[in-house]
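# Descriptive analysis of the structure
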Amino acid sequence: MKPKRYINRPIVYAALELNLNNWKAISELVDVGDLKDGRPEGCYLDINGKDVDLHALPEGVMPMIGLRIPTPMLQAKPSVKVATEGQIIVKNLSTDEILVFDKQDFDCEYQSFQDEGE
């Protein structure tokens, strides 16, 4: 008897570029809240990607927007990844896993499609 052949069902992701213009959409996509509650949390970063206090910045210096994303608690060492302005935030719509990509890496890995409902 020959083995049957199977194809994996495609996984659907939603993705947005992290920036101030679409912060509301990002917030809704990843359910922004408090990191201590296991939810992604917005932050401000300096040019090196380090946390900054808005009140301690010199006048005229604009911080980048960032997003702290907790890694799944199932991992051996739970941690926090930090997405920086301009990166692509990707959410697996089946598992709610959140991934972060640089734009060029995202463009190589993912392909857009038109949803039937759109």
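Above: the structure in question.
An account of the accompanying structure is given in this report. (Residues numbered from 1 in each chain as written. Predicted model: local features only at pLDDT ≥ 70, side-chain atom pairs only at ≥ 80, totals over all residues. Heavy atoms only, no water.)

Let's shift gears to the environment of Ser-94. Looking at the element boundaries, Ser-94 is found in the loop between strand E5 (88-92) and strand E6 (98-101). Its relative accessible area of 63% is what places Ser-94 among the exposed residues. Placed 59 residues apart in sequence, Ser-94 and Leu-35 show a C-alpha to C-alpha distance of 22 Å. (Helix = DSSP H or I, 4+ residues; strand = E, 2+ residues; numbered from the N terminus. Buried < 20%, exposed > 50% of the residue type's maximum accessible area, 1.4 Å probe, protein only.)

For the rest of this paragraph, the subject is the pattern of salt bridges. In total, this model carries 7 salt bridges according to the counting rule given. One salt bridge in this structure joins Asp-31 and Arg-39, with 3.0 Å as the shortest N-O distance. In this structure, the salt-bridge partner of Lys-91 is Asp-96, at a minimum N-O distance of 3.6 Å. According to the relative accessible area criterion, Asp-96 is partly exposed, its value standing at 48%. Through salt bridges with shared partners, one network takes in Glu-41, Asp-51 and Arg-68. (Salt bridge = Lys/Arg side-chain N within 4 Å of Asp/Glu carboxyl O.)

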